[in-house]
Structure formats: structure tokens, C-alpha cells
Amino acid sequence: MSNELKFFFEVTQRLSSSLQLDRSLKSCFDYLEQQLPIDGMYINLFRQESEEIQMVAHADRQGGQLLDRRIALTPQMCDALNNGERPPILILNYIDMDSVTHHVMSQLLPKVKSLILLKMHCDDFHLGVVGFYSYKEQSFRARHADMLQSLHQPFAMVTAFNLQGRNLLAEKAQLEAENRTLRRSMGSRDDVIGANSGLKQVMEQVEAIAPLDSTVLIQGETGCGKEVIANAIHTRSARAHKPFIKVNCGAIPDTLIDSELFGYEKGAFTGAEKRKQGYFEQANGGTIFLDELGELPLSAQVRLLRVLQSRTIVRVGGVEPVELDIRIVAATHRDLQEMMKEGTFREDLWYRLSVFPIAIPPLRHRRQDVPLLVHHLLEQFLGRFNLDRLPSIAPEQLAKLQNYNWPGNVRELVNAVERAMIQSRGAPLQFDFLGPVEVAESLPMTSNQTIVIDPSRATDQLVSLDMMTAKYIEHALRVTGGKIHGQGGAAEKLDIHPNTLRSRMKKLGIL
Ligand SMILES: Nc1ncnc2c1ncn2[C@@H]1O[C@H](COP(=O)(O)OP(=O)(O)OP(=O)(O)O)[C@@H](O)[C@H]1O
């Protein structure tokens, strides 16, 4: 075999040795550096549609890497690269001999002093170049170019196939993302956003209580995710494949509560033509979620207490108790203890229910969850709005969302994101309809959560020192992910004793 053939055979063998361009390029380099005075090589694509050069792979003595580094070109540079007169192989013993190469290399590999560029063509399409470079000026001779010129076809083929492979991988990643969204919308286990940040403590409680059959009372402001947490308890329990029945206690008229909850026997009242199961029976084997429990009238509270004690119900018009295997999860945004004092909520029922209370912090106390929720909602809305990519949000708009006070909690955020998507029509999302963020309600933050104390931003509308202290403590808790004591905790950062911080939080009403 002639020397040229041996060279061609060895390089093409190495080039096709792996499906990963970084590996095959490194293998080529290891051989080529013994044949040519090179310090490295790379593959650059010519992206005519976006007027860019994209470096996709590089290899030198340290190893091979896949890259995605892009350099913008001027229209004149694109014309120069498209010019049919540009030779298929070019020796540049000084980088500034060619203005486009100088522009690109000064940004990608500024130490390179001389180069051989091998143009890659595929079906009349100018794919880009393979660059063989040296850190010394005047390294290359015509014989080096002669050796390399037969390689333009194999390099072009391998690069083209590799790019196709990458497109397939990108499609696969997109399919996986769609799958995740679908699973979430079907209520799979990973649908609690903030489970590892603002809702970490809540989720620890959920994980602990879910496998047991204990009654759970979820408390939290309206729209903060009580149903989401109730659902998480059910899906993490052994009852996950059994019914999860949600009852909105506030939505049932007083006169219908008994028959809706406990069902009725045939003939129990006019119109009761056949026996009907109530919500409790429908939930048999699974979980019943009693939402808005605070709205339940006192008479129904007594009967609920009986169910909790005996795990049996009696249908309206019936006498026989029906035994049930159910787990009860209740939720309210009302202050049940206050209602007890007023006499509108039964004390005995409270004690039965509050065996395992879970308090969900409002969204303004876990602002770190806002970007996560926004991203989750955008993914959810993607399908509904028939979009093929996520709309963008400018950092200051995201900061605005994080600083806003969210009186309607996550539900209000859901509505705000939906409204912004409807209004945006493909442009970056705007949330100016939320109105200015009040200084009193949030401290100015940059998008990377660094607090900015800027007296020039103070207005004449002063707020009480207690309110400012509360906001500052809340901010410290956000920064530390809710950690109070120990290294990196809020007490350390605020330079006070953890017990002092706790008592101040209690006084200021911080959860
Ligand atoms: N942690 C979360 N992750 C994902 N979505 C959430 C989360 N919290 C709330 N949501 C969404 O916010 C909306 C309101 O949540 P949910 O109905 O659970 O609140 P709630 O506290 O039960 O409200 P209400 O007090 O009105 O009964 C729903 O669309 C829900 O999917």
C-alpha cells in the first residue's frame, strides 16, 4: 500500500471509529500530530441561515470535546465564505492573511498562529471546515495540504451524519420533555413544584404521613396548593390506585349535605327512586378530600365526627351502618381555632382532625418557587396554546413576579401566566398588568437573588419598622431556603441568636 493510501486508510478508520465526534476527532488528532506539525484540530460549521460560524468539536493533546460555540458573521463575511473562488484547501501561515478566519479564530482560539482549512462539502452544500492548527507561525507547507486534501469527503460525511444524529437526540430530548409534561398533567408523582425548595418541609411531612392511614388536616391560604398536597398524600399512599374523591364542603347547600356525603336509601324522601351512594361510599378503599372544611355547618360536623370515630356511615333513610375503609384528608383556609372560640367549629372535631396538621406557606413566603412554577406552567400551557417552543421572559419581568405579593397565591400566578401568554402573541411575556410592586411588600432583588439595599429607591411612603423587619427576615429565609439555625442559616447571616430570631418571627407572624 502506498504511503498516501495508508494515510487515507488510517485517518478514515479513526474518523469512523466512534459515533461521537469528539472521540473520533481525538483519535484522528493522535495520528495526525505524528504526521503533521499540528497542535490541534476542530470542526466549524457554516450556519448561513443565522450568519454564524459554529464550532462543534475540538481535539488536542488534552482530549476531544463536543462544543457549541457560535461566532456572528457580517453579511460581507458570509458572501466571502459562499464565494465559489475560495479554494477547497487553504494554508494560512499568518492568521490575519484572511479577514474572516482572523475574525473567527481571534474569538475561538486566539493563540493559534497558522492554519490549514479543509472545506467540507456535502451534496453541493457548504457544510463548514476542518481546521488543523499550530501555535507557531509559518508551520505549514504545500505537502501538508496535499496530504490532507483527499480527506474532505470523509470529514464531510462523518460530520453530516453526526449532526443528523444530534438532531435525533434533540428530538428524543423534546419527546422526553413532552412525556414529562403529559405525566404531570395526568397527576403523576412529580407534580408538586417546589418540593425541593419552598415546599421541602411540607413534602417531608407528606412523605412521612402518606403511607399511614392517619387523618390529615391541611391549612393554608386560598390557592396555595392544598388540593395539590392532598393529592400528593393520596398518590404516595397504598391507596394510590383507589378513588380520590374531592368534596368542596362550601359548595353543597346545607339541606343537601347529608344526602351528598352519606347517600340515601330508596324512598328516603320524595324523588329518592333508588339507593344512591354518597361521597364517603364512593371513596371506599381510597381517600376522601374534604376541602373548605371550615364551611361545614355544625350539624354536619357532628356526623363527620361520628364517621371519624367509627369509620361507618348511615345512609339517609337507612338504619344499618355501612363500614368504610377510607382515609380522610381535610383542608381549610379558615382559622379553625378562631372559629372554635366563636363557637362555629366543634372542639372535639378539631382534636380528631388536627392529629397531623400540615401548614402550606403562602407563595410570598417561598418566592424561590416562583421561577419553577412559571416554567412548569409555561410547559403546561405550551400544548394548550399550540406553541412549539416556550415563550421567553426577560429577567426583570421574572424579578417582578418574584417580588409581587400574590394574595391569590399559586392560583393567581396560574392566571397571570395564562393572561400574559394570551396577550404576548409570541413576544416575550409581560406582567405589567400586575401593577407596581409595593416597596412595603418586597425588598428589591436582582434576578440572582442578591439583595440590593438602595436608599435612592426609598419613597416618602414609609412603612413600619416591624413590617420592614418582617420583610427582611422573610428575605433571609428565602436566601437560606428556610434554614434558621446552623451554618449558612438565617440566624448566622443576620448575626443574631437562632432563638432570638425564632421569637421575633413568632412576634411578627412569620410562619
Ligand atoms: N406546588 C404546586 N405545584 C404545581 N401546581 C400548583 C402547586 N400549588 C398550586 N398549584 C396550582 O395552583 C392552583 C391552585 O392550587 P389548589 O387548588 O391546590 O389550591 P387550594 O389551596 O386547594 O385552593 P383553595 O383554597 O381555593 O381550595 C391549581 O391550578 C394547582 O394546580
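In what follows, the accompanying structure is described. Quick caveat, the model's predicted, so the values are computed rather than measured.

### Comments concerning unusual backbone geometry
Part 1 of the reasoning: The backbone of tryptophan 406 shows a phi angle near 50°, a positive value even though the residue is not glycine.
Part 2 of the reasoning: Examined against the element boundaries, tryptophan 406 turns out to sit in the loop between helix 15 (395-403) and helix 16 (409-424).
Part 3 of the reasoning: Here the phi dihedral of asparagine 409 falls at roughly 55°; this positive angle occurs in a residue that is not glycine.
Part 4 of the reasoning: Inspection of the secondary structure puts asparagine 409 in helix 16.
Part 5 of the reasoning: Exposure remark for asparagine 409: the relative accessible area of 0% places this residue in the buried category.

### What to know about helix 16
Part 1 of the reasoning: Taking 1.5 Å as the rise per residue, helix 16 with 16 residues should run 22 Å; its terminal C-alpha atoms sit 22 Å apart, in good agreement.
Part 2 of the reasoning: For helix 16, the full list of buried residues reads Asn409, Val410, Leu413, Ala416, Val417, Ala420, Met421 and Ser424. Down the axis of helix 16, the sector holding all buried residues measures 130°, keeping them to one side. What points out from helix 16, more than 90 degrees from its buried face, is the exposed set Arg411 and Ile422.
Part 3 of the reasoning: Buried residues in helix 16 make contact with helix 14 (369-384).
Part 4 of the reasoning: With its phi angle positive at about 50°, arginine 425 sits one or two positions after the end of helix 16.

### Things to note about the site of the ligand
Part 1 of the reasoning: In the vicinity of the ligand, 18 residues are found, and the nearest of them are Ile193, Gly223, Lys226, Glu227 and Arg411.
Part 2 of the reasoning: One of the backbone nitrogen or oxygen atoms of cysteine 224 is found 3.2 Å away from an oxygen atom of the ligand.
Part 3 of the reasoning: Taking glutamate 227, its main chain carries an N or O atom lying 3.0 Å from an oxygen atom of the ligand.
Part 4 of the reasoning: For the shell around the ligand, the secondary structure elements donating two or more residues are helix 8 (226-235) and helix 16.

### A short note on helix 1 (residues 3-15)
Part 1 of the reasoning: Spanning 13 residues, helix 1 covers 18 Å between terminal C-alpha atoms, matching the ideal 18 Å at 1.5 Å per step.
Part 2 of the reasoning: Along helix 1, the positions that sit buried rather than exposed are Phe7, Val11, Thr12 and Leu15. Buried residues of helix 1, viewed axially, fall in a sector of 115°; they line one side.

### Comments concerning the sheet that holds strand 4 (residues 89-92)
Part 1 of the reasoning: Here we have six strands laid out as an open sheet, ordered 3-2-1-6-5-4, and antiparallel in their pairing. Across the chains shown, the open sheet's two edge strands, defined by having one partner strand only, are strand 3 (63-72) and strand 4. Each strand of the sheet is rotated relative to its neighbour by a mean of 20°, with strand direction disregarded.
Part 2 of the reasoning: Taken together, the four bridges between strand 4 and strand 5 (residues 114-122) define a ladder with antiparallel strand orientation. Looking at the pairing, isoleucine 91 lines up with isoleucine 116 of strand 5.

### Digging into the packing of helix 14 against helix 16
Part 1 of the reasoning: Where helix 14 meets helix 16, the axes come as close as 10 Å, and the angle between the chain directions of the two elements is 50°. Classified by the interaxial angle, the pair formed by helix 14 and helix 16 is oblique. For helix 14 against helix 16, the interelement crossing comes out right-handed. Seen from helix 14, the contacting residues are Val370, Leu373, Val374, Leu377, Leu378, Phe381 and Arg384; seen from helix 16, they are Val410, Leu413, Val414, Val417, Glu418 and Met421.
Part 2 of the reasoning: Taken together, the residues that form the contact of helix 14 with helix 16 break down as 11 nonpolar, no polar and two charged.

### Some remarks on the side chain of arginine 315
Part 1 of the reasoning: By the secondary structure assignment, arginine 315 is in the loop between strand 10 (312-314) and strand 11 (321-323).
Part 2 of the reasoning: The residues contacting arginine 315, other than those within four sequence positions of it, are Phe262, Gly263, Tyr264, Glu265, Arg275, Lys276, Glu281 and Val322.

### Some details on the sheet that holds strand 13 (residues 357-359)
Part 1 of the reasoning: Ordered in space as 8-9-12-7-13, the five strands form an open sheet in which the pairing is parallel. Looking along the sheet, the strands with just one partner apiece sit at the ends: strand 8 (244-248) and strand 13. This sheet shows a mean twist of 20° between the axes of neighbouring strands, independent of strand direction.
Part 2 of the reasoning: Two strands pair when backbone bridges link them, and strand 9 (residues 287-291) and strand 12 (residues 327-332) are joined in this way by four bridges, in the parallel orientation. Bridge pairing links phenylalanine 289 to valine 329 in strand 12.

The rules we used
Residues numbered from 1 in each chain as written. Predicted model: local features only at pLDDT ≥ 70, side-chain atom pairs only at ≥ 80, totals over all residues. Heavy atoms only, no water. Helix = DSSP H or I, 4+ residues; strand = E, 2+ residues; numbered from the N terminus. Buried < 20%, exposed > 50% of the residue type's maximum accessible area, 1.4 Å probe, protein only. Expected span 1.5 Å × (residues − 1). Arc of directions from axis to C-beta. Contact = heavy atoms within 4.5 Å. Near = heavy atom within 4 Å. Polar contact = N/O pair within 3.5 Å; in protein donor to acceptor, adjacent residues only side chain to side chain. Pairing = 2+ DSSP bridges. Axes fitted to C-alpha atoms, helices over the stretch in contact; angles between N-to-C directions. Parallel < 35°, antiparallel > 145°, perpendicular 65-115°, else oblique. Left-handed = near helix turned anticlockwise from the far one by under 90°. Nonpolar A, V, L, I, M, F, W, Y, C, P; charged D, E, K, R; others polar.

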